[in-house]
Amino acid sequence: MGTVLASRARLSCLEGRRPTIATLCSHSSLQIFHGARTEGFPTLGIATGAPPRFYDAFPLARPDRFVTVPTVKDLPSVDGRLRDEGVILIPHGSFVEYLGATAFGKLDVPVFGNRAVLDWESDRRKSREWLESAGCSMPERYEDASEVDGPVIVKYYGAKGGKGFFLAKNREALADFQPTGPYVIQEYVLGTRYYMHFFYSPISDRGYRAGSGSIELLGMDRRDEANIDELYKLGAQEELLRAGIRPTFVVTGNVPVVLRESLLPRAFELAAGVVERSIELFGGMVGPFCLEGIMTEDLEFKVFEISTRIVAGTNLFISGSPYSDLIEPGLSTGRRIAQEIHRARETGRLDEILS
Ligand code: AMP
């Protein structure tokens, strides 16, 4: 058995009806709606202002209906309407970001996954405690510049899109850093980046076992980041800094990658550790999560972040990935979420996957 996450009262609006899958019209919504529709669910898009026109270009991913709110922050004012519609909300990165983790946590609508994870994901110190105690190796964190003994990346708290991050080759170069807010100094890990898209089902009884269920690997990507990815074309970073041009890490898109097959066992071990530790710490995360890290030349994976919901890199794999093809052809993460809801309903276990 997985952990019971949702009370009867929270799920009462879903009794005796087929749920409607809803999400905010952004981020990975095309994939979420397409996946829900493929599995036979009605869909509802939450739009700010007016329904976005770009859905007209993608008929297989257009939600059946829309609810509009002036801004994302106004969403709590329509939660009664969403309950009347029998909605299950699918969180994604932009949804939580625009609404705010606290307001999202308080929404009185069934949400896919365990909302208790928000606390652990959004606080860099807590997520480090979780990941390290789960067996992940992470980039070194320096409390003070005097401890630095190699290249570092300085990150501001809550810096969205990696704007204002500072890179320094060594302790001496770090002296040029002029902080404008609270920050952390982290070892700059040299290697290649991988963003691994996993899915944990607490109700599955087959596959790669972890917790009360199993873990699937549905895809893998690398992010395109402006301006760092193309900065080298303009010259050495030190020259550019002198000219006032600083590196930024703003995500603009994604490219598909696969991992050396011999590294997959370690990837699964890490994912299983993170799931099992999450069960001990806060009842367990459910559904999609992404381990984001850097593979070093010694083939060690250093995790710099975890995302505990569908990530935009999964948009590459709406018709399947080199990994999900080996589970079921045409399986996207969006579709897998809908399948999980379907299977939990059939077995009376919705309270273990919704909160
Ligand atoms: P974050 O805000 O932690 O997701 O970091 C944004 C980007 O900075 C990542 O996608 C990486 O390209 C880069 N990055 C973050 N941490 C490190 C690190 N410790 N070493 C090297 N690059 C990093």
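Refer to the preceding data block for the structure.
Residues numbered from 1 in each chain as written. Predicted model: local features only at pLDDT ≥ 70, side-chain atom pairs only at ≥ 80, totals over all residues. Heavy atoms only, no water.

A. Structural detail: the overall build of the chain. Across its full length, the chain holds eleven helices and 14 strands. Taken against the 2.2 N^0.38 rule, which gives 20 Å for 355 residues, the C-alpha radius of gyration of the chain at 21 Å falls within 12% of a compact globule. Considered along the principal axes of its C-alpha atoms, the chain spans approximately 65 × 45 × 35 Å. Out of the 355 residues in the chain, the part that is buried amounts to 52%. For the chain, the computed accessible surface area is about 16,200 Å², with 50% contributed by carbon and sulfur atoms. Of note, the chain has its 41 positive side-chain charges centred 5 Å away from the centre of its 47 negative side-chain charges. (Helix = DSSP H or I, 4+ residues; strand = E, 2+ residues; numbered from the N terminus. Rg over C-alpha atoms; globule rule 2.2 N^0.38 Å. Buried < 20%, exposed > 50% of the residue type's maximum accessible area, 1.4 Å probe, protein only. Areas by Shrake-Rupley, 256 points an atom, 1.4 Å probe, with all protein chains shown as cover. Lys, Arg positive; Asp, Glu negative; His and termini not counted. Charge placed at Lys NZ, Arg CZ, Asp CG, Glu CD.)

B. Highlighting the pairing of strand β2 (residues 43-48). Burial analysis of β2 places five of its six residues in the buried class, which makes it a mostly covered element. In this region the chain leaves strand β1 (residues 20-24), passes through helix α2 (residues 29-38) and returns to the parallel neighbour β2; the handedness of that crossover is right-handed. Bridging between β2 and strand β3 (residues 65-69) involves five bridges; their strand directions are parallel. In the strand pairing of β3, A47 is matched with T68. (Right-handed = clockwise from strand over helix to strand, strands pointing away. Pairing = 2+ DSSP bridges.)

C. Fine view of the packing of aromatic side chains. All told, the structure shown has 14 aromatic pairs when counted by the stated rule. Between the aromatic rings of F166 and F177, the centroid separation amounts to 5.2 Å while the plane-to-plane angle is 50 degrees, which identifies the pairing as tilted. Here F166 is found in strand β7 (residues 166-168), whereas its partner F177 is found in the loop between α8 (171-174) and β8 (183-187), with eleven residues between them in sequence. Residue F166 shares its accessibility class with F177, and that shared class is buried. Relative to F268, the ring of Y208 has its centre 4.7 Å away and its plane inclined at 40 degrees; by these criteria the two rings are tilted. Here F268 lies in helix α10 (residues 264-282) and Y208 lies in strand β10 (residues 208-210), a separation of 60 residues in the sequence. What makes F268 buried here is its relative accessible area of 16%. Over the ring of W120 we find K126, and its NZ or CZ is 4.6 Å from the ring centre. (Phe/Tyr/Trp six-rings, centres within 6.5 Å; stacked < 30°, edge-to-face > 60°. Lys NZ or Arg CZ within 6 Å of the ring centre and 35° of its normal.)

D. Highlighting the side chain of N114. Counting through the fold element by element, N114 comes out in the loop between α5 (101-106) and α6 (117-122). For N114, a relative accessible area of 10% puts it in the buried group. Among the polar contacts made by the side chain of N114, one reaches the main-chain carbonyl oxygen of F282 at a distance of 3.1 Å. Leave out the neighbours within four places in its chain, and N114 touches L5, F282, G283, G284, M285, V286 and S355. (Polar contact = N/O pair within 3.5 Å; in protein donor to acceptor, adjacent residues only side chain to side chain. Contact = heavy atoms within 4.5 Å.)

E. Representation of the pattern of salt bridges. Scanning all chains against the criterion turns up 23 salt bridges. A salt bridge links R309 to E121, with the nearest nitrogen and oxygen atoms 2.9 Å apart. In this pair, R309 is assigned in the loop between β14 (301-307) and α11 (333-346) and E121 in helix α6, connecting sequence segments 188 residues apart. Both residues of the pair, R309 and E121, belong to the buried class. (Salt bridge = Lys/Arg side-chain N within 4 Å of Asp/Glu carboxyl O.)

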